[in-house]
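Chain by chain, the residues run as shown.
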Amino acid sequence: MYWNLFTDSCLDAVLDTLKILPFLFLAYLLIEILEHHAEDKTTEIIHRAGNWGPVLGGALGIIPQCGFSAATANLYAGGLITRGTLIAVFLSTSDEMLPILISKSAPASLIVRILLYKFAAGMLGGILIDVVEKRLHARQDRKELHDICEQEGCNCEEGVLRSAIFHTVKIAAFLLVTSFLINIAVELVGEEHLSNFILNKPVIGELLAGLIGLIPNCAASVILTELYLQGGMSAGAMLSGLLCGAGVGLLVLFRMNKRFMKDNLITLLLLYISGVLLSLPASALPIF
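Residues numbered from 1 in each chain as written. Predicted model: local features only at pLDDT ≥ 70, side-chain atom pairs only at ≥ 80, totals over all residues. Heavy atoms only, no water.

J.: For this particular structure, what's the right way to read the side chain of Thr72?
T.: Topologically, Thr72 is positioned in helix 3 (residues 68–77). Classification of Thr72 by relative accessible area gives buried; the value is 0%. For Thr72, the contacting residues outside a window of four places in its chain are Ile46, Ile81, Leu86, Val89 and Phe90. (Helix = DSSP H or I, 4+ residues; strand = E, 2+ residues; numbered from the N terminus. Buried < 20%, exposed > 50% of the residue type's maximum accessible area, 1.4 Å probe, protein only. Contact = heavy atoms within 4.5 Å.)

J.: Explain the side chain of Ser240 to me, please; I cannot follow it from the model alone.
T.: Relative to the assigned elements, Ser240 resides in helix 11 (residues 235–244). Discounting chain neighbours no more than four positions away, the residues touching Ser240 are Glu206, Ala209, Gly210, Gly275, Val276 and Ser279.

J.: Help me understand empty space enclosed by the protein in this model?
T.: By rolling a water-sized probe across the atoms, one finds the places where empty space is left. In total, this model carries one cavity of 30 Å³ or more according to the counting rule given. As a volume, the largest cavity reaches approximately 80 Å³. Forming the walls of the largest cavity are 14 residues, and the residues nearest its centre are Asp95, Gly213, Ser221, Gly245 and Ala246. Of all the elements in the fold, those that place two or more residues in the lining of the largest cavity are helix 10 (218–229) and helix 11. Of all the elements, helix 10 adds the most residues to the lining of the largest cavity, at three residues. (1 Å grid on protein atoms, 1.4 Å probe; cavity = no way out; pocket = protein on both sides within 12 Å on 5 of 7 lines; lining within 4 Å. Points joined across faces, edges and corners; volume = space filled by probe spheres on them.)

J.: Please explain a nonpolar patch on the surface as it appears in this structure.
T.: A cluster of nonpolar side chains, contributed by Leu11, Val14, Leu15, Leu18, Leu176, Val177 and Leu181, occupies part of the molecular surface with about 590 Å² of accessible area. Broken down by secondary-structure element, the contributors of at least two residues to the nonpolar patch are helix 1 (2–47) and helix 7 (160–189). Looking at the nonpolar patch element by element, the count peaks at four residues for helix 1. The topology assignment puts Val14 in helix 1. (Patch = residues over 30% accessible without salt bridge, like charges linked within 9 Å, V, L, I, M, F, W, Y side chains within 5 Å. Areas by Shrake-Rupley, 256 points an atom, 1.4 Å probe, with all protein chains shown as cover. Salt bridge = Lys/Arg side-chain N within 4 Å of Asp/Glu carboxyl O.)

These figures capture arrangement, not role.
Shown next, in the form of C-alpha cells:
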C-alpha cells in the first residue's frame, strides 16, 4: 500500500513538474530580460528616493528581480536608505511566487490582486515604520556597494539564457519535491481534510506561515505558493509568508551589517510583525 502511494505520488509530481517546465522557463526568461535591463536603475531610484523611499520600495519590490532585496540590504547597511524603505522592499518582494503562479496558469486577476496587495502592504508598512522611528540613527560607516547575488546561487551575471535555465532547473527541483510531499499529504490526510490544515486556521496560520517566510531561501516561497494553490493554506497565511519572505535579502543584511546585530534583529522582528499584521485582512476581505 505505502509503496504504491510512494510511486503514484512520485509519478504525479514528475508529470506535474514536466508539464509546467516550458511555462516556468518562459517566465524566468522574461524576468531575466527585465532584470538585466532594470535592476541597476531601480536600485539607483531607491537610493535617491528620500522620503518617498517606502512608496517606491513597495512599487519596485514587486518587480521580479533576483538581487533587488540583496541590493537594498546593502544600501541599508551602508546607511543610504531608511529602515522603512528596506522593509517596504522586503514586504513587497515576491521571490519565486510570480513564476510559479504563471507556470501553474493561475488566473491573471488573482496574480494582479496578490501583487497589488503586496505593494500596498509594503508601502504602508514602510511608511508606518519610518513615521514611528522618525529617522534612523545616522551612521557614517558607508560601505562599498556590491552585488553578492551570485554568491547565493543566482548566477545573475551568466547571461540571460543561462541564468533563466539555471533558475528553471533549480525551482523545478523544489517544485518536484514540494509536489511529491503535498501529494503524499493529500493521499494520507484526504483532500476533504486538507482545508482543515492548521495553516488554514485564522491568525495561527498567519503566524506560522510568517515564520516559514523568514527562511532566507527560495524554497519558502515555493512551498507557500504551492500549498495555497493546493488549498493547504488560506490567502492570509500565504500572504503572511510571502510578505515576511525577503529572499536572500535578510541573509545579506545580517552578513553586511554584522556589526549592528541588534539593529538587524529589530529589522527582522519588525518585518515579521508587519508581515503578519498586514496579512490578516486578506482572509476577511472578499478579494481572494
